[in-house]
Amino acid sequence: MKHCCIGVLAHVDAGKTTLSEAMMYTSGKLKKLGRVDHRDCFLDNFDQERQRGITIFSKQALFQYGELKVTLLDTPGHADFSSEMERCLQVMDYAILVISGTDGVQAHTDTLKTLLEKYRIPTFLFITKMDASSLSRNDLMDDLQLHFSEDCIDFSSEIDEEALAMLDEELLDSYMESGQISTEDISKLIAKRKLFPCFFGSGLKLDGVPEFLDLLEKYTLEKKYPDAFGAKVFKISRDNKGKRLTYLKITGGRLNVRTPIRYLPLSGSSAAEEKISEIRLYSGQKYDTAETAEAGTICAVLGLTGSYPGQGLGIEPDSESPLLEPVLGYRVILPSGTDPKTVFPKLKQLEEEDPQLHIVWLERLGEIQIQLMGAVQIDVIKAVIKDRFDLNIQIGTGHILYKETIANTVEGVGHYEPLKHYAEVHLILEPGERGSGLVFDTACSTDELDLNWQRLVLTHLEEKQHLGVLTGSPITDIKITLAAGRAHLKHTEGGDFRQATYRAIRQGLMQAESILLEPIFQFRLEVPADNIGRAISDIHAMGGEHSSPETFGDRMAISGTAPAAAMSDYLTEVLAYTGGRGKFSCRPAGYRPCQNSQAVIEEFGYDPESDMENSPDSVFCAHGAGFVVKWNQVGEYMHLGNILAANSNDSSASSGNESTLTEKHAGSKRQVSIDEKELEAIMEREFGPIRRKSYSEATINAAPERKLSSPKKERLIIDGYNLLFAWEEYKQLAADNIDLAREQLINTIINYSAFRQIETVLVFDAYKVPGGTGERYDDATLHIAYTRENESADLYIERLTDEIGKNENVRVVTSDSLIRLTALRSGVLRTSSSDFIEEVRDTLRQMREKLDKQ
């Protein structure tokens, strides 16, 4: 018994699902033959699929025919859902390409041909609807050999062995000697994609279906797999109970329930290890559970929370970037009164299932954006969101998705040093080959920066979509190399290098000569000979390029590339001026420099310096407080020398642990050579003896002191967790990492209190931390207090306000009713968390304005 995973592909309305139904019925898998128009097909079970009569989501079915055990993958045929189809190609052993006998090769067939070539999938062709076709087999074979492959051979009648032998030199030699071609020879030709067997019939009438299954049983080969475990993830979905399913193919060894899988989640910087809790073998909507999945098996597993389509597990590598990607972005319009930041995490679930959606929150615009392939997908995504989240959204007008790159090499510097934090990163940004994407590397010595910090920088480079400075579009085709970096023995934490890395990229881009890129389509246009002049004129007007016209009887064809913005509605025009006789197909083919870049840039009106989420500026520290340095002045403050300048002057870098610290002094630059011990001594003299902070409640062990030294005229007491969860930005972050959210809130309050010169007490409730005895951390204007085990924040704040409320101007920040009542009894001022958030934001704006003026 051999086992094969066979996918079914077609252009829309070709009869693909009907053929899948016929194959399962003929094999005995189905007792009743379903029909698309009757809305009772075994695999099209989503409401939108049955209403529209098209496949939207890929599904699998299991059946056996003779000695062939088949996992059948039914994929979408509509171009709007091509990304779903392309993900399935990664796990197919063979493909069945369905061609409508009434239409012949259609526009989308050319895209399918390209994908099958890319993934090297052996392919059988079934030409269906022959009961309703006015075209002869000879006409259709000519069409296939012209538009799909000249190696298409008709297998529905007697096979021409001499034609088969001509497909391979070794086979031809063997055939000349023996005069025979074996079944194994034919199977190998198919497996090597040197032969594409074609079969004619009707899925609806079951004509030729048994013979076609005989063909599959006879000429398919079972793949051989290694003993070591490997798997390829191709789909993420959720069942009707909301459980997360990871669909994968076992490509080596075997997978057992309760097996721990170690992998790198898409959103994680470190490897995760999770156990497989359940293995499901789906056939339609139903499934059987299994304890073991052998190599070659397609299954859905539970237990993986960070897996993603295209991911390789075990020995299996990750897939390359998909060929088909959307070129249009859309604004998601939410119902009135709906908080977009609440909706955004829900919509991100959909991106897990379809990564091509690229759902993003644009802070500067205050809106959610999504990338889609076309009008049908827009309707479907609205229906899915309504069904899953009970939200009636609208989708705005589409806009072209531009990208940006650079034309010259620059060095970007990012420095992040608010009080008791430290990181500096130097990145070299170089133009890359067109289509290379972003490439990351390091050329930094481990004597200068430890390997663990270098790995962290590379992780931060990879984890985020970095934006350009012309239109705020994603950057691409750039090699980014870590050239130098510095950490501090006591004050550096992981988040510091994230900030320094992000700022280094933006600072580099601000210096570079940026280029705006626009998406282009690769097209093929076939028209009656009388219309070829109009076709060529249109392509020239679009700014496209094309080949010399090819002639096929009374028809002519050209192929080439043109801007996606100009080709979006061109099929309608082609059908109009050819009287419905023209054929036009196109697919994304990468990016090239935009032809009208200045107009596009002006239309965007993007200001990179006001984009605070992607700041090019750096943060330095002096006199116990952090301050912002504009991107074009960072060179005067940075602590490491300029790497590019040093290389161009052919000067060698300093040896050992020595580095160059540049200080701004009396309007000029003064360079001081120091080593790590001297740098630490300077930090100690500047800030005083400070022990490394740990914000984890699990390490609380010092007794609290209730009275604060050096009382000020005004004092602020903040209920830490109440403020954190009232602040939407930190609340969302806390859902993934409470420690990181708390750390970032502390940094914000440090800046606020230092600028306002208000002595502040930030109280965090450690009520449920076992063994917690309370702990305090003191900065210049900020005191951080954790409560003892079994001591709540409201009790701590009540005691503190009783002690100092009568003699000092105290204000309590919280939205907790009990704490506000306590403050009222103590006679101190009260501010809600929401009001205080606005106060902090206003303070931060004032800080930026003041620094800008300076």
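Residues numbered from 1 in each chain as written. Predicted model: local features only at pLDDT ≥ 70, side-chain atom pairs only at ≥ 80, totals over all residues. Heavy atoms only, no water.

Draft legend 1. Seen up close, the packing of aromatic side chains. Evaluation of the coordinates by the stated rule reveals 20 aromatic pairs. With 5.0 Å between their ring centres and 65° between their planes, Tyr-721 and Phe-764 make a pair best called edge-to-face. In this pair, Tyr-721 is assigned in helix H20 (residues 720-726) and Phe-764 in strand E38 (residues 759-764), connecting sequence segments 43 residues apart. In terms of burial, Tyr-721 and Phe-764 fall into one category: buried. With a centroid separation of 5.2 Å and an interplanar angle of 80°, the aromatic rings of Tyr-752 and Phe-836 are classed as edge-to-face. Separated by 84 residues along the polypeptide, Tyr-752 in helix H22 (residues 738-756) and Phe-836 in helix H25 (residues 833-853) bring together distant segments of the chain. Take Tyr-752 and Phe-836: they sit in the same class, and that class is buried. (Phe/Tyr/Trp six-rings, centres within 6.5 Å; stacked < 30°, edge-to-face > 60°. Helix = DSSP H or I, 4+ residues; strand = E, 2+ residues; numbered from the N terminus. Buried < 20%, exposed > 50% of the residue type's maximum accessible area, 1.4 Å probe, protein only.)

Draft legend 2. Here's a closer look at the sheet that holds strand E5 (residues 123-128). Read from one edge to the other, the open sheet built from 7 strands follows the order E2-E3-E1-E4-E5-E7-E6, with strand pairing classed as mixed. Two strands bound the open sheet, and with one partner strand each, they are strand E2 (59-65) and strand E6 (152-154). Within this sheet the neighbouring strands show an average axis-to-axis angle of 30°, counted without direction. Where E6 meets strand E7 (residues 196-200), 3 bridges bridge the pair, whose relative direction is parallel. Each residue of the ladder has a partner; that of Asp-154, found in E7, is Cys-198. Against the sheet, helix H9 (residues 209-219) touches strand E1 (2-10), E2, strand E3 (68-74), strand E4 (94-100), E5 and E7, its axis set at about 175° to E5. (Pairing = 2+ DSSP bridges. Axes fitted to C-alpha atoms, helices over the stretch in contact; angles between N-to-C directions. Contact = heavy atoms within 4.5 Å.)

Draft legend 3. Local environment of the side chain of Asp-719. By the secondary structure assignment, Asp-719 is in strand E37 (residues 714-719). Relative accessible area serves as the criterion here: at 6%, Asp-719 is assigned to the buried category.

Draft legend 4. Representation of the pattern of salt bridges. Inspection of the entire model under this criterion finds 36 salt bridges. The salt bridge involving Arg-524 is made with Glu-526; its shortest N-O contact spans 3.6 Å. The exposure classification of Arg-524 matches that of Glu-526, with both residues buried. One connected set of salt bridges, linked through shared partners, spans Arg-238, Arg-244, Glu-352, Glu-353 and Arg-388. (Salt bridge = Lys/Arg side-chain N within 4 Å of Asp/Glu carboxyl O.)

Draft legend 5. The arrangement of the nonpolar core in detail. Judged by nonpolar contacts, the single largest core of 41 residues is most densely connected at Met-23, Ile-96, Phe-155, Leu-195 and Leu-216. Considering each element in turn, this core owes the most residues, 6 residues, to H9. Residues in contact with Leu-195, not counting those within four places in the same chain, are Thr-123, Asp-151, Ile-153, Phe-155, Leu-164, Leu-167, Ile-186, Leu-189 and Ile-190. Judged by nonpolar contacts, the second largest core, of 35 residues, contains Val-91, Ile-121, Tyr-282 and Ile-298. (Core = buried A, V, L, I, M, F, W, Y, C linked by side-chain atoms within 4.5 Å.)

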